[in-house]
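Observations on the three-dimensional arrangement
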Amino acid sequence: MNAHASTARTEPSQPVHIGDHLREWRQRRRMSQLDLAGEAEISARHLSFVETGRAAPSREMVLRLAERLDVPLRERNVLLVAAGFAPAFPQRSLEDPALKSARQAIDLVLRAHEPNPALAYDRHWNLVTANRMVAPLLQGVPERLLGQPFNVLRLAFHPEGLAPRTVNLAEWCAHLLERLHRQCEATADPELVKLYHDLKSYPIPARSGPLSSDNVAIPFKLRHDGGILSFFSTTMVFGTPVDITLSELALETFFPADERTAAWLKQTAANMA
């Protein structure tokens, strides 16, 4: 199945009632009514009645079905409202006192990761915060591309952003597109779908061939200071969030993939001290 056709499925007409919502999510997860009923420990007949509007689910059933379908917290609120219930999951700013400990944890991880770069971004890949080692990598990028909201993926693909300096542009951008495509499939977020199609319109070359068997992960290779910096990355999320903002936040941490990059990071950090 090609990526375009698959992602296009995430833009259906808007569901009308709770049954439509549940059916859409069940089909997106490629589950039959029997599969979902078994997971949720209800009868397939009752689930069928809920989907067709012949039965109204309880609040507890909506939440149970949403959990089994791995529906994002934001969309679980949509399901609850469609069923006539109040939303269950709050959405606060990271500056809210209730999220103070979470914000402190984010800042701690970013600072502790120095001298390596690390950043945090929201569900649409807009930058939330970053440690001081990210800025040196963005030298030469036009200021207008770094304004808020600063979209991390657009910067990677933009011909005036990092794309001209990315040595393995085809492999790196293909990797990012695959990640974004999986997000589109999992969340059905229309903004992510739009971002996916926007990024595909950039003039990114196709992969020239399979990756070398020597690679353990797709590196991010960036021309900088007359040399090449090479990184691999890991992504972290909050493990058990009940707040929408936290559930949609990701921390991307970069590590040096070779000795030259490690030495450059240490020297750059020392110069910034």
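The coordinates are above.
Residues numbered from 1 in each chain as written. Predicted model: local features only at pLDDT ≥ 70, side-chain atom pairs only at ≥ 80, totals over all residues. Heavy atoms only, no water.

As for the pairing of strand S2 (residues 127-130)
- For strand S1 (residues 118-121) and S2, the ladder comprises 3 bridges, and the chain directions are antiparallel. By the bridge assignment for S2, Ala120 is matched with Thr129.
- In this antiparallel pair of consecutive strands, S1 and S2, the connection spans 5 residues, and Trp125 shows a positive phi of 70°. (Pairing = 2+ DSSP bridges. Helix = DSSP H or I, 4+ residues; strand = E, 2+ residues; numbered from the N terminus.)

Concerning helix H6 (residues 73-82)
- Those residues of H6 that sit buried are Leu73, Arg74, Arg76, Asn77, Leu79 and Leu80.
- Contacts made by the buried residues of H6 are with helix H2 (18-28), helix H5 (59-68) and helix H11 (244-247).
- Note on H6: the residue one or two positions beyond its end, Gly84, has a positive phi of about 95°. (Buried < 20%, exposed > 50% of the residue type's maximum accessible area, 1.4 Å probe, protein only. Contact = heavy atoms within 4.5 Å.)

Quick notes on the nonpolar core
- Counting 40 residues, the largest nonpolar core has Trp125, Phe157, Leu180 and Leu199 as its most contacted members.
- Looking at this core, the elements with two or more residues in it are S1, helix H8 (152-157), helix H9 (169-187), helix H10 (190-200), strand S3 (220-224), strand S4 (227-237), strand S5 (250-256) and helix H12 (259-272).
- The greatest single-element share of this core, amounting to 7 residues, is contributed by H9.
- The residues contacting Phe157, other than those within four sequence positions of it, are Ala163, Cys173, Leu176, Leu177, Leu199, Tyr202 and Ile204.
- In terms of nonpolar packing, the next biggest core, distinct from the first, is built from 21 residues, Met31, Val50, Met61 and Ala66 among them. (Core = buried A, V, L, I, M, F, W, Y, C linked by side-chain atoms within 4.5 Å.)

Details of the pattern of salt bridges
- Counted under the stated rule, the structure contains 17 salt bridges.
- Across the pair Arg179 and Glu252 runs a salt bridge whose closest N-O atoms are separated by 3.0 Å. Taken together, the residues Arg179 in helix H9 and Glu252 in strand S5 connect sequence positions 73 residues apart. Accessibility assignment for this pair places Arg179 and Glu252 in one class, buried.
- A network of salt bridges, in which partner residues are shared, links Asp20, Arg23, Arg26 and Glu51. (Salt bridge = Lys/Arg side-chain N within 4 Å of Asp/Glu carboxyl O.)

Points about the state of the cysteines
- The final tally for this structure, using the stated rule, is 0 disulfides.
- You can see Cys173 has no disulfide; the closest cysteine sulfur is in Cys184, sitting 16 Å from it.
- Cys173 sits in the buried class, given a relative accessible area of 1%. (Disulfide = S-S within 2.5 Å.)

Remarks on empty space enclosed by the protein
- Enumeration according to the criterion identifies 1 cavity of 30 Å³ or more in this entry.
- Considering the residues around the largest cavity, the lining is formed by 21 residues, among which Leu119, Val152, Leu162, Phe220 and Phe254 are closest to the centre.
- Within the residue set of the lining of the largest cavity, elements represented by two or more residues are S1, H8, H9 and S5.
- In terms of residue count, H8 provides more of the lining of the largest cavity than any other element does, 4 residues in total.
- Looking at the lining of the largest cavity, its residues break down into 19 nonpolar, no polar and 2 charged. (1 Å grid on protein atoms, 1.4 Å probe; cavity = no way out; pocket = protein on both sides within 12 Å on 5 of 7 lines; lining within 4 Å. Points joined across faces, edges and corners; volume = space filled by probe spheres on them. Nonpolar A, V, L, I, M, F, W, Y, C, P; charged D, E, K, R; others polar.)

Some thoughts on the packing of aromatic side chains
- By the definition in use, this model includes 7 aromatic pairs.
- With centroids separated by 6.5 Å and ring planes inclined at 45°, the aromatic side chains of Phe157 and Tyr202 adopt a geometry described as tilted. Taken as a pair, Phe157 in helix H8 and Tyr202 in the loop between H10 and S3 lie far apart in primary sequence, 45 residues in all. This pair shows no difference in class: Phe157 is buried, exactly as Tyr202 is.
- Note on Phe232 and Phe255: the rings are 5.5 Å apart at their centroids and 15° apart in plane angle, and the pair reads as stacked. Remark: Phe255 occurs in strand S5 and Phe232 occurs in strand S4; sequence separation between them is 23 residues.
- Judged by relative accessible area, Phe255 falls into the partly exposed class, the value being 28%.
- Cluster of aromatic residues (ring-pair linked, three or more members): Trp172, Phe220, Phe231 and Phe254.
- In this structure, Arg28 is placed above the aromatic ring of Trp25, and the distance from its NZ or CZ to the ring centre is 4.5 Å. (Phe/Tyr/Trp six-rings, centres within 6.5 Å; stacked < 30°, edge-to-face > 60°. Lys NZ or Arg CZ within 6 Å of the ring centre and 35° of its normal.)

Observations concerning H2
- The buried count for H2 comes to 9 of 11 residues, which makes it a mostly enclosed element.
- Within H2, the full set of buried residues consists of Ile18, Gly19, Asp20, His21, Leu22, Glu24, Trp25, Arg26 and Arg28.
- On its buried face, H2 is in contact with helix H3 (33-40), helix H4 (44-52), H5, H6 and H9.
- One or two residues past the end of H2 sits Arg30, with phi positive at roughly 60°.

With respect to the pairing of S5
- Buried residues dominate S5, accounting for 5 of its 7 residues.
- With 4 bridges joining them, S1 and S5 adopt antiparallel strand pairing. The partner of Tyr121 across the bridge, within S5, is Ala250.
- Strand direction decides the pairing type here: S4 and S5, joined by 7 bridges, are antiparallel. By the bridge assignment for S5, Phe232 is matched with Phe255.

These values are about where atoms sit, not about what they do.
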